[in-house]
Amino acid sequence: MPAGEVAEARALLEWMRARHFLFIGYRHYRLERGKSADRLVPEARTSLGILRGGKAGAVVLRGQLRVRARERQLLILTKANSMASVHRATYLDYVGVKSFGARGEVAGEHRFLGLWTSTAYQFSPREIPVLRKKVEGVISHFGLDPQSHDAKAVLHVLETYPRDELFQAPVED
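All figures in this text were calculated on a predicted structure; none of them were measured in a lab.

## Concerning helix 5 (residues 149–160)
One turn of an α-helix holds 3.6 residues; hence residues three or four places apart share an orientation. In this model, helix 5 (12 residues) spans 17 Å end to end at C-alpha, consistent with the 16 Å of a helix rising 1.5 Å per residue. Buried residues of helix 5: A151, L155 and L158, and no others. Projected down its long axis, helix 5 shows its buried positions confined to an angular sector of 60°, all on one face. Of the exposed residues in helix 5, the ones pointing more than 90 degrees away from its buried face are H149, H156 and T160.

Here is the structure:
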């Protein structure tokens, strides 16, 4: 992975740990590759919080899910398909950090479930790791001088854009 991407992912994880994310569950998954389908196999002994206990079985990945699991994208920032039972009634935030094998292929994923704290919604996206790079990427995408009126107008939109969507959306979107 490019050093800048790794550094930004590390900065986000440190920012999360500094009381900007309420950690509710964790589990490591191993990616087993197959001929026509892959399997995402949970490692039960790594399970913590709401992901601990129960019998989590392997998930079979085909088609687009298989392609996405194999993508050399370090971070996955999205919403989980389950609701939080603490703090506030909303879908849980899902932060995945892919792990890689010796040849650079995706070998697994560290999955964190939780909720962004109120500070994630109060901070400027220019102060939040990963989001700051997205903001720079959007300004650059439009070919705008960062000091121009147009760049400031785009920045205003990004400052007021819903954080949950900003975390999930790629620069192109």
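From this point on, the discussion continues.
## Description of the pairing of strand 5 (residues 91–100)
Successive side chains on a regular strand alternate, one facing one side of the sheet and the next facing the other. Among the 10 residues in strand 5, 8 count as buried, and that is most of the element. Pairing geometry for strand 4 (residues 75–83) and strand 5, over 6 bridges, is antiparallel. In the strand pairing of strand 5, L77 is matched with V95.

## With respect to the packing of aromatic side chains
Tallied over the full model, the rule gives 7 aromatic pairs. Plain terms: the ring middles of F21 and W116 are 5.0 Å apart, the flat faces sit at 75° to each other, and that makes the pair edge-to-face. Within this pair, whereas F21 is found in strand 1 (residues 21–32), its partner W116 is found in strand 6 (residues 106–116), the two being separated by 95 residues in sequence. Judged by relative accessible area, F21 falls into the buried class, the value being 5%.

## Some thoughts on the pattern of salt bridges
This structure, assessed with the given rule, holds 12 salt bridges. Note that D93 and K79 form a salt bridge whose closest N and O atoms lie 2.8 Å from each other. Of this pair, D93 sits in strand 5 while K79 is found in strand 4, placing the two residues 14 residues apart along the sequence. Classification of D93 by relative accessible area gives buried; the value is 3%. Residue K79 is classed as partly exposed on the basis of its relative accessible area of 24%. Across the salt bridge formed by E105 and R103, the nearest N and O atoms sit 4.0 Å from each other. Judged by relative accessible area, which is 77%, R103 ranks as exposed. Through salt bridges that share partners, R30, E32, R39 and E43 make up one connected network.

Conventions and cut-offs
- Residues numbered from 1 in each chain as written.
- Predicted model: local features only at pLDDT ≥ 70, side-chain atom pairs only at ≥ 80, totals over all residues.
- Heavy atoms only, no water.
- Helix = DSSP H or I, 4+ residues; strand = E, 2+ residues; numbered from the N terminus.
- Expected span 1.5 Å × (residues − 1).
- Buried < 20%, exposed > 50% of the residue type's maximum accessible area, 1.4 Å probe, protein only.
- Arc of directions from axis to C-beta.
- Pairing = 2+ DSSP bridges.
- Phe/Tyr/Trp six-rings, centres within 6.5 Å; stacked < 30°, edge-to-face > 60°.
- Salt bridge = Lys/Arg side-chain N within 4 Å of Asp/Glu carboxyl O.

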